[in-house]
Amino acid sequence: MTPDILIVGAGSAGCVLAERLSRDRRRRVTVLERGPGEVFAAALDCLPIDAADRAVPIVERGGRPIVRGTGVGGSSSINGAYFLRGHRADYTSWPWAADDLDAAFDAADAVMRASPFAYDDLGDVARTFEEAYGSGVNTRPWPSDGVNRVWSNRVDGARWTAGHVLAAAADRPGVTVRSGVEVAELVTSGDAVTGVRTVTGEVIGAGEVIVCAGTLGTARLLAPLVGPLPVHEHAERIVRFTPRTVVRAPALLQTVLHIDGMEIRPYGDDFAAFTSLEPAGVPIGVADMAGTTGRLDGETVDLGEPDAPSSARLSRGVDTVVELLNGKVFADLVEPGSVRVDPVIGMSQHAWGSLPAGSATDADGRVNGWRRLRVVDGSILPGPLRSGPHATVVALATLIASRS
């Protein structure tokens, strides 16, 4: 039977949207996912960005590495399980009421089992970092300038992913999840999107198509309809040090500092402790949250470069971190003379904002100029956030589904 709603992509937005929309038992909802259909929940002390069946590397014009999740759960299955809201002021110009956003964030925290790390759960680097900044650590749901304890989507030391959310709807008669199905293009008739064509040539029709393929995947499908798209990212410089002893690191990132438009990220240990990467030193990330501006054109991804104000902020942040690591509080953790700065500016794996709600789409993700087509994922974020986008993407999927 032709579904009422066809969702392309079972990542964070797609899974949450499908579960919420299918609560109306009259709807027929089909979800297409190119990767595996099983829920994948790795422990927090593992960052499975090199899992062959769950992580997809993407070529970027500047050679900067991009890895996105595939399979049910999408990137929520392979990321650092960081689930932090933006600051309240980040959302004031967005096309949703503050009360509606509050309710959506509360619902997102609940369904994703998000909670702040407790002090006793902190690893050595996170605990030392918080000691360096005194006692004013914010553990409330809304972050603010200063040190914020990270909220994390986890249960018993493992990620609680969007795949778990979709699994709650598996027995509903109106829900169909098809894994191992990759969409090649959207099928159109006049100004309406009538379905999709898969890479095997199958045409799947639907009353409405909602693309939830992630900012980069969605752009690949939308560019033939709307042309090249902008994209924004959070540029990040890395300061590293060699630890004096083995450090305890139960999770990748447990606390952050928000200051001067930046997020300073004391990662728990060398990335090699969480992945198969070669050891390179314990990293402290300095991310400028204003965002770069790049371009998406079909298969071409260009994440852009920091502008002059962004570069200046990054330099100030790096100086702050270098001074901190060479100071008294970190003396027992840092090998003297080992602090160094990566020469290359990287990115945070936070692509967003290519089809911003309020201009390129309406508040429910409907794409301007096209009927029966919506986008609900990081593509529709209308502006920069002072935190990573994952919690906001889930909250928007929750909010949009509640209005549909």
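This is a predicted model, so every value here is computed, not measured.

Draft legend 1. Region of interest: the overall build of the protein. Within the protein, the secondary structure is distributed over seven helices and 23 strands. Taken over the C-alpha trace, the protein has a radius of gyration of 21 Å; the compact-globule value for 404 residues is 22 Å, and the two agree within 12%. In terms of overall dimensions, the protein has a C-alpha envelope of 65 × 40 × 40 Å along the principal axes. Every one of the 404 residues in the protein was classed for burial, and the buried ones make up 56%. Within the structure as shown, the protein displays about 15,800 Å² of accessible surface, and the carbon and sulfur contribution to it stands at 51%. Separation between the mean location of the 39 positive side-chain charges and that of the 49 negative ones in the protein comes to 5 Å.

Draft legend 2. Highlighting the sheet that holds strand β20 (residues 300-302). Read across the sheet, three strands follow the order β14-β19-β20 without closing on themselves; strand pairing throughout is antiparallel. Looking along the sheet, the strands with just one partner apiece sit at the ends: β14 (229-233) and β20. For this sheet, the mean inter-axis angle between neighbouring strands, taken without regard to orientation, is 25°. Relative to strand β19 (residues 292-297), β14 runs antiparallel, the two sharing five bridges. Its bridge partner being in β19, proline 230 is matched across the sheet by arginine 295. The sheet strands contacting helix α5 (residues 214-226) are β14, β19 and β20, and the helix crosses β14 at an angle near 165°.

Draft legend 3. Structural context of the sheet that holds strand β13 (residues 208-211). Within the open sheet, the five strands sit side by side as β9-β2-β1-β13-β23. Their pairing is parallel. This sheet does not close on itself; its edge strands, each paired only once, are β9 (175-179) and β23 (373-375). Across this sheet, the average inter-strand angle for adjacent strands is 20°, counted without regard to direction. Examined bridge by bridge, strand β1 (residues 5-8) and strand β2 (residues 29-33) share four bridges and lie parallel to one another. Counterpart to isoleucine 7 in the pairing with β2 is valine 31. Strand contacts of α5: β1, β13 and β23, with the helix running at about 140° to β23, the strand carrying the most contacts.

Draft legend 4. Looking closely at the pattern of salt bridges. Within this structure, the stated rule accounts for 25 salt bridges. Arginine 85 serves as the salt-bridge partner of aspartate 106, at 3.0 Å between the closest nitrogen and oxygen. Residue aspartate 106 is found in helix α2 (residues 98-111), and its partner arginine 85 is found in the loop between β4 (66-69) and α2; the two are separated by 21 residues along the sequence. The structure contains a network of salt bridges with shared partners spanning Glu60, Arg61, Arg64, Asp302 and Glu305.

Draft legend 5. Summary view of the side chain of threonine 398. If you trace the backbone, threonine 398 turns up in helix α7 (residues 390-402). The buried category is assigned to threonine 398, whose relative accessible area is 3%. Those residues in contact with threonine 398, other than ones at most four positions away along the chain, are Val16, Arg20, Ala104, Ala107 and Ala108.

Draft legend 6. The packing of aromatic side chains, seen in detail. Under the criterion given, the structure shown has eight aromatic pairs. Measuring from centroid to centroid gives 5.3 Å for phenylalanine 105 and tryptophan 142, while their planes differ by 70°, and the two rings are edge-to-face. Taken together, the residues phenylalanine 105 in helix α2 and tryptophan 142 in the loop between α3 (124-132) and β6 (146-149) connect sequence positions 37 residues apart. In this pair, the class of phenylalanine 105 matches that of tryptophan 142, namely buried. Judged by centre distance (5.2 Å) and plane angle (45°), the ring pair of phenylalanine 129 and tyrosine 133 falls under tilted. The exposure class assigned to phenylalanine 129 is buried, which follows from its relative accessible area of 0%. On the accessibility criterion, tyrosine 133 (33% relative accessible area) is partly exposed. By way of ring pairs, the aromatic residues Tyr91, Trp94, Trp96, Phe105 and Trp142 are connected into one cluster. We note arginine 113 situated over the ring of tryptophan 160; from NZ or CZ to the ring centre the distance is 4.0 Å. Above the face of the tyrosine 119 ring, arginine 127 is positioned so that its terminal group lies 4.4 Å from the ring centre.

Draft legend 7. Seen up close, α3. Within α3 the residues assigned to the buried category are Val125, Ala126, Thr128, Phe129 and Glu130. Within two residues after α3, glycine 134 carries a phi angle of roughly 85°, on the positive side.

Draft legend 8. View of α5. Here α5 contains 13 residues, and its C-alpha end-to-end distance of 17 Å stays within 8% of the 18 Å for a straight helix at 1.5 Å per residue. For α5, the principal kink sits at arginine 220 and spans about 40°; a proline, proline 224, occurs within the next four residues. Where α5 terminates, the next one or two residues include glycine 227, which has phi positive at roughly 90°.

Draft legend 9. Seen up close, the nonpolar core. In this structure, Ile7, Leu186, Val196, Val209, Leu222, Phe241 and Leu325 are the most contacted members of the largest nonpolar core, which totals 115 residues. Sorting elements by how many residues they give to this core places α7 first, with nine residues. Setting aside chain neighbours within four positions, we find leucine 186 in contact with Val193, Gly195, Val196, Val209, Val211, Leu221, Leu222, Leu225 and Leu373.

Draft legend 10. The packing of α2 against α7, seen in detail. Look at α2 against α7: their axes get within 8 Å of each other, and the N-to-C directions meet at 110°. Taken together, the axes of α2 and α7 lie roughly perpendicular to each other. The two elements α2 and α7 meet at a crossing, and its hand is right-handed. Of α7, the residues touching α2 (which contributes Asp100, Leu101, Ala104, Phe105, Ala107 and Ala108) are Ala391, Thr392, Val394, Ala395, Leu396, Thr398 and Leu399. Its residues assigned to classes, the contact of α2 with α7 comprises ten nonpolar, two polar and one charged.

Rules behind the numbers
Residues numbered from 1 in each chain as written. Predicted model: local features only at pLDDT ≥ 70, side-chain atom pairs only at ≥ 80, totals over all residues. Heavy atoms only, no water. Helix = DSSP H or I, 4+ residues; strand = E, 2+ residues; numbered from the N terminus. Rg over C-alpha atoms; globule rule 2.2 N^0.38 Å. Buried < 20%, exposed > 50% of the residue type's maximum accessible area, 1.4 Å probe, protein only. Areas by Shrake-Rupley, 256 points an atom, 1.4 Å probe, with all protein chains shown as cover. Lys, Arg positive; Asp, Glu negative; His and termini not counted. Charge placed at Lys NZ, Arg CZ, Asp CG, Glu CD. Pairing = 2+ DSSP bridges. Axes fitted to C-alpha atoms, helices over the stretch in contact; angles between N-to-C directions. Contact = heavy atoms within 4.5 Å. Salt bridge = Lys/Arg side-chain N within 4 Å of Asp/Glu carboxyl O. Phe/Tyr/Trp six-rings, centres within 6.5 Å; stacked < 30°, edge-to-face > 60°. Lys NZ or Arg CZ within 6 Å of the ring centre and 35° of its normal. Expected span 1.5 Å × (residues − 1). Bend = angle between axes of the 7 residues up to and from the residue. Core = buried A, V, L, I, M, F, W, Y, C linked by side-chain atoms within 4.5 Å. Parallel < 35°, antiparallel > 145°, perpendicular 65-115°, else oblique. Left-handed = near helix turned anticlockwise from the far one by under 90°. Nonpolar A, V, L, I, M, F, W, Y, C, P; charged D, E, K, R; others polar.

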